[in-house]
Amino acid sequence: MSENNSVNGTATSTPITSAFLKALVQQIRAQDTYGTYRNWADELILKPFIVTKQKKREISIEGEVDLATISRINAFFRAVASSIEKETGLISHVVVDLGHEGFGWALVFSGRLLLAVKTLRDAHRYGFDSLEKLAEEGESFVNKGIDLAKRFPEVGNI
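In this report, we go over the structure that sits alongside the text. (Residues numbered from 1 in each chain as written. Predicted model: local features only at pLDDT ≥ 70, side-chain atom pairs only at ≥ 80, totals over all residues. Heavy atoms only, no water.)

### Some words on the overall build of the protein
Within the protein, the regular secondary structure consists of 6 helices and 3 strands. Tracing the protein from N to C terminus, the helices and strands come up as α-α-α-α-β-β-β-α-α. Taking the principal axes of the C-alpha coordinates as reference, the protein spans close to 50 × 35 × 30 Å. As displayed, the protein offers around 9,400 Å² of accessible surface, 51% of which is attributable to carbon and sulfur atoms. Looking at the protein, you have 19 positive and 20 negative side-chain charges, and the mean spots of the two groups are 2 Å apart. (Helix = DSSP H or I, 4+ residues; strand = E, 2+ residues; numbered from the N terminus. Areas by Shrake-Rupley, 256 points an atom, 1.4 Å probe, with all protein chains shown as cover. Lys, Arg positive; Asp, Glu negative; His and termini not counted. Charge placed at Lys NZ, Arg CZ, Asp CG, Glu CD.)

### Topic: the sheet that holds strand β3 (residues 113-120)
Read across the sheet, 3 strands follow the order β1-β2-β3 without closing on themselves; strand pairing throughout is antiparallel. Of all the strands in the sheet, just β1 (93-98) and β3 have a single pairing partner and so form its edges. The average undirected angle you get between the axes of adjacent strands in this sheet is 15°. Judged from the 7 bridges that link them, strand β2 (residues 104-110) and β3 form a sheet pairing that is antiparallel. The residue bridging Phe109 from the neighbouring strand is Leu114, located in β3. With respect to the sheet, helix α4 (residues 67-88) is in contact with β1, β2 and β3, its orientation differing from that of β1 by roughly 155°. (Pairing = 2+ DSSP bridges. Axes fitted to C-alpha atoms, helices over the stretch in contact; angles between N-to-C directions. Contact = heavy atoms within 4.5 Å.)

### Brief notes about the packing of aromatic side chains
Tallying each qualifying case throughout the model produces 8 aromatic pairs. The interplanar angle of 65° and the centroid separation of 5.6 Å between the aromatic rings of Phe77 and Phe141 together place this pair among those described as edge-to-face. Of this pair, Phe77 sits in helix α4 while Phe141 sits in helix α5 (residues 131-151), and the two are 64 residues apart along the sequence. Here Phe141 falls in the buried class, since its relative accessible area comes to 12%. (Phe/Tyr/Trp six-rings, centres within 6.5 Å; stacked < 30°, edge-to-face > 60°. Buried < 20%, exposed > 50% of the residue type's maximum accessible area, 1.4 Å probe, protein only.)

So far we have only geometry, and geometry alone does not tell us how the molecule works.
Shown next as structure tokens:
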């Protein structure tokens with residue numbers, strides 16, 4: 001992390017080794033049409049995904065889910081789809097259906113095969129306790145999706 005993009009001006013971060021976190025950063029940068037994140041460190045890009053329990057309590061669940069949160073949810077599941085696609089070769093798609101109250105679900109599918117399903121509650125407070133939890137959750141979705149894709153490749157190719 002360089003000094004120009006660190007939070008407190010120090011460069012004491014550890015490099016990201018998780019394949020899922022790298023895929024997530026790649027998805028976020030792919031949507032960055034103005035190059036804002038071009039020189040940002042990966043840890044800084046992933047920082048909005050880290051929401052402590054205390055911070056979650058402070059976030060109001062009244063009103064619409066903000067666009068930044070919706071973008072994070074979409075990026076997370078696009079990273080899941082991308083990782084599954086890279087491993088299996090099956091083209092994967094993402095659908096996020098989120099109501100204005102913060103309830104809904106996210107689907108990752110290939111052909112007619114559902115690779116990952118997540119019910120979303122209180123999407124206003126979407127986030128993870130740490131980078132490790134973020135990587136763990138994402139890798140869990142990816143591994144389960146890869147397992148399904150390998151067990152039912154004919155359904156994924158429909």
